[in-house]
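Survey of secondary and tertiary structure
The lines below spell out each chain.
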Amino acid sequence: MSAQPQRPAFGTVLTSHMAVASYHGGRWSASEVRPVAPIELSPAAHVLHYASTCFEGFKAFRRADGSVHVFRMDRHIERMRQSARQLVLPEPDADRLADMVRGVIARCRDSVPAAPGALYLRPILFGTTANIGAAATPARDASLIVLASPVWDYFAGGMKPLRILVDDEHTRSAAQMGVVKTGGNYAAALGPTLSARAKFQTDQVLFCPGGQVQETGAANFLLIRDGALLTRSLDSSFLHGVTRDSLLTLARDEGYAVSERAFDVNEMLEWVKTGEAALSGTAAVLAGVGTLIHRGVEHRVAGGEVGAHTRALRAKLVAIQQGEAPDRHGWLERV
Ligand SMILES: Cc1ncc(COP(=O)(O)O)c(C=O)c1O
């Protein structure tokens, strides 16, 4: 048996090229694909002081025949435009941004890994206007950059069941900002996530402000069991995951009764006595939870292993992404 090749950690390697466009004087420049290199930014740039920044993350997949297909780019671009609007940043045109993504993939086609790898695409948008007195003024200038990174597993250990701290003390973000994919939300979650890791050796924190289950620092949260799936209904307090939407669609196709509603920590702890819990996201896909830690007490989920429903739903989604199952919902675009 050959040894598994050593893979770089998620996001640590970039492709050779990126796509770049800028916004000045009320209009976007033409975009350009150029080698990845440091960028010039004024130390007074709006983003460095007032955090005017948002980003996206999605994947392109290489098939056995060498073709490359990007997954639900339209939804990710729409979410990025919504983030930009909410942060009062210049809103990128959807077609322009899609062309920038296609341009990077075309230039870096050889860097798209074969399954089970993928090319992770990371558009970023940030305010560049130099003005340190602009706390209450939007950036008039902005940069839009599309980075790409060959990726494999997000959680070290792949399908290892996750340990999750249930935090009913902190909120991940300001209530109306959860739906925005902006750096400040991740900065806010970092402290609680690191302190949970140090104390409980957890992989992630599940934020449950006021006792209501919400999401983790970088993924949505699903409860699954025979014929049923439960997840929080959409509101502005958390990120509307494209993977969440895809998995809910596949679960409905498979005949699961899918409930989207508020539920609290007590209901979740009851559920996991017999049912499964999992995190969903572009990076994590669908990652099974083995342990929930709440107020110092460890609760085993699905016997501490990745559950059968979690594995099956994950496999369904991955099969579509990798072209092994038909794309009935029109989620893939050949690039
Ligand atoms: C906070 C947060 N929630 C949920 C998700 C899942 O979103 P998606 O499925 O669109 O990747 C992400 C990102 O991956 C995230 O950062």
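You'll find the structure just up there.
These lines cover the structure that appears in this document, whether it is placed above or below.

Cut-off values and rules
Residues numbered from 1 in each chain as written. Predicted model: local features only at pLDDT ≥ 70, side-chain atom pairs only at ≥ 80, totals over all residues. Heavy atoms only, no water. Helix = DSSP H or I, 4+ residues; strand = E, 2+ residues; numbered from the N terminus. Rg over C-alpha atoms; globule rule 2.2 N^0.38 Å. Buried < 20%, exposed > 50% of the residue type's maximum accessible area, 1.4 Å probe, protein only. Areas by Shrake-Rupley, 256 points an atom, 1.4 Å probe, with all protein chains shown as cover. Contact = heavy atoms within 4.5 Å. Salt bridge = Lys/Arg side-chain N within 4 Å of Asp/Glu carboxyl O. Near = heavy atom within 4 Å. Polar contact = N/O pair within 3.5 Å; in protein donor to acceptor, adjacent residues only side chain to side chain. Nonpolar A, V, L, I, M, F, W, Y, C, P; charged D, E, K, R; others polar. Core = buried A, V, L, I, M, F, W, Y, C linked by side-chain atoms within 4.5 Å. Axes fitted to C-alpha atoms, helices over the stretch in contact; angles between N-to-C directions. Parallel < 35°, antiparallel > 145°, perpendicular 65-115°, else oblique. Pairing = 2+ DSSP bridges.

With respect to the overall build of the protein chain
In terms of regular secondary structure, the protein chain is built from seven helices and 18 strands. Taking 2.2 N^0.38 as the reference for a compact globule, 335 residues should give roughly 20 Å; the C-alpha atoms of the protein chain span a radius of gyration of 20 Å, in line with that estimate. The 335 residues of the protein chain split such that 53% are buried. Surface summary for the protein chain: the accessible area is close to 15,000 Å², and the carbon and sulfur share equals 51%.

Describing the environment of Ile145
As for its placement among the helices and strands, Ile145 is situated in strand 8 (residues 142-151). A relative accessible area of 4% places Ile145 in the buried class. Separated by 114 residues in the primary sequence, Ile145 and Ser31 place their C-alpha atoms 9.1 Å from one another. Setting aside residues no more than four positions away along its own chain, Ile145 makes contact with Met18, Ala19, Val20, Ile39, Arg122, Pro123, Ile124 and Phe126.

Things to note about the pattern of salt bridges
With the rule as written, the count across this model stands at 20 salt bridges. Residue Glu298 pairs with Arg163 through a salt bridge whose shortest N-O separation is 3.0 Å. Remark: Arg163 occurs in strand 9 (residues 162-167) and Glu298 occurs in strand 17 (residues 297-300); sequence separation between them is 135 residues. Lys273 is the salt-bridge partner of Glu270, the closest N and O atoms lying 2.5 Å from each other. On the basis of relative accessibility, which here comes to 60%, the residue Lys273 falls in the exposed class. Within this structure, Glu78, Arg81, Arg85 and Glu91 form a network of salt bridges that share partners.

Remarks on the site of the ligand
The environment of the ligand is made up of 18 residues, and the closest members are Tyr186, Glu215, Val242, Thr243 and Thr282. At 3.2 Å, a side-chain N or O of Lys181 approaches an oxygen atom of the ligand. Glu215 is positioned such that a nitrogen or oxygen atom in its side chain is 2.5 Å from a nitrogen atom of the ligand. The fraction of the free accessible surface of the ligand (380 Å²) that becomes covered by protein chains is 96%. When contributions to the shell around the ligand are tallied by element, the ones reaching two or more residues are helix 2 (73-86), strand 11 (215-216), helix 5 (242-253) and strand 15 (276-281). The class makeup of the residues in the shell around the ligand is five nonpolar, nine polar and four charged.

Some thoughts on unusual backbone geometry
Ala115 connects to Pro116 through a cis peptide bond whose omega is 10°. Of note, Pro116 is situated in the loop between helix 3 (94-107) and strand 7 (118-127). Phi is positive for Arg72, close to 50°, though the residue is something other than glycine. Tracing the backbone through its elements, the reader meets Arg72 in the loop between strand 6 (68-71) and helix 2.

Side note on the environment of Met73
Positionally, Met73 belongs in helix 2. Met73 sits 169 residues away from Val242 along the chain, and the two C-alpha atoms are 9.6 Å apart.

Remarks on the nonpolar core
Core analysis: the biggest nonpolar cluster contains 35 residues, and Ile105, Leu121 and Leu125 have the highest contact counts within it. Mapped onto this core, the elements with two or more residues apiece are strand 1 (17-24), strand 5 (58-62), strand 6, helix 2, helix 3, strand 7 and strand 8. Considering every element that reaches this core, the biggest residue donor is helix 3, with six residues. Residue contacts for Ile105: discarding those within four places in its chain leaves Ala60, Val68, Leu119, Leu121 and Val335. Core analysis: the next-biggest nonpolar cluster, separate from the first, contains 25 residues, Phe71, Ala118, Leu250 and Leu313 among them.

Brief notes about the side chain of Ser52
Residue position: Ser52 is located in the loop between helix 1 (46-50) and strand 4 (53-55). When residues no more than four places from it in sequence are discounted, the contact partners of Ser52 are His46, Val47, Leu89, Leu125, Phe126 and Gly127.

Topic: the packing of helix 5 against helix 7 (residues 308-321)
Between helix 5 and helix 7, the shortest axis-to-axis distance is 10 Å and the interhelical angle comes to 105°. In terms of orientation, helix 5 lies roughly perpendicular with respect to helix 7. Contacts between helix 5 and helix 7 pair Thr243, Ser246, Leu247, Leu250 and Ala251 from the former with Leu313, Lys316, Leu317 and Ile320 from the latter. Residue composition of the contact of helix 5 with helix 7, by class: six nonpolar, two polar and one charged.

Focus on the pairing of strand 8
For strand 8, the buried fraction is high: ten of the ten residues fall into the buried class. Neither face of strand 8 is exposed, since Ala142, Leu144, Val146, Ala148 and Pro150 on one face and Ser143, Ile145, Leu147, Ser149 and Val151 on the opposite face are all buried. Relative to strand 8, strand 7 runs antiparallel, the two being bridged by ten bridges. Bridge pairing in strand 8 places Ile124 opposite Ile145.

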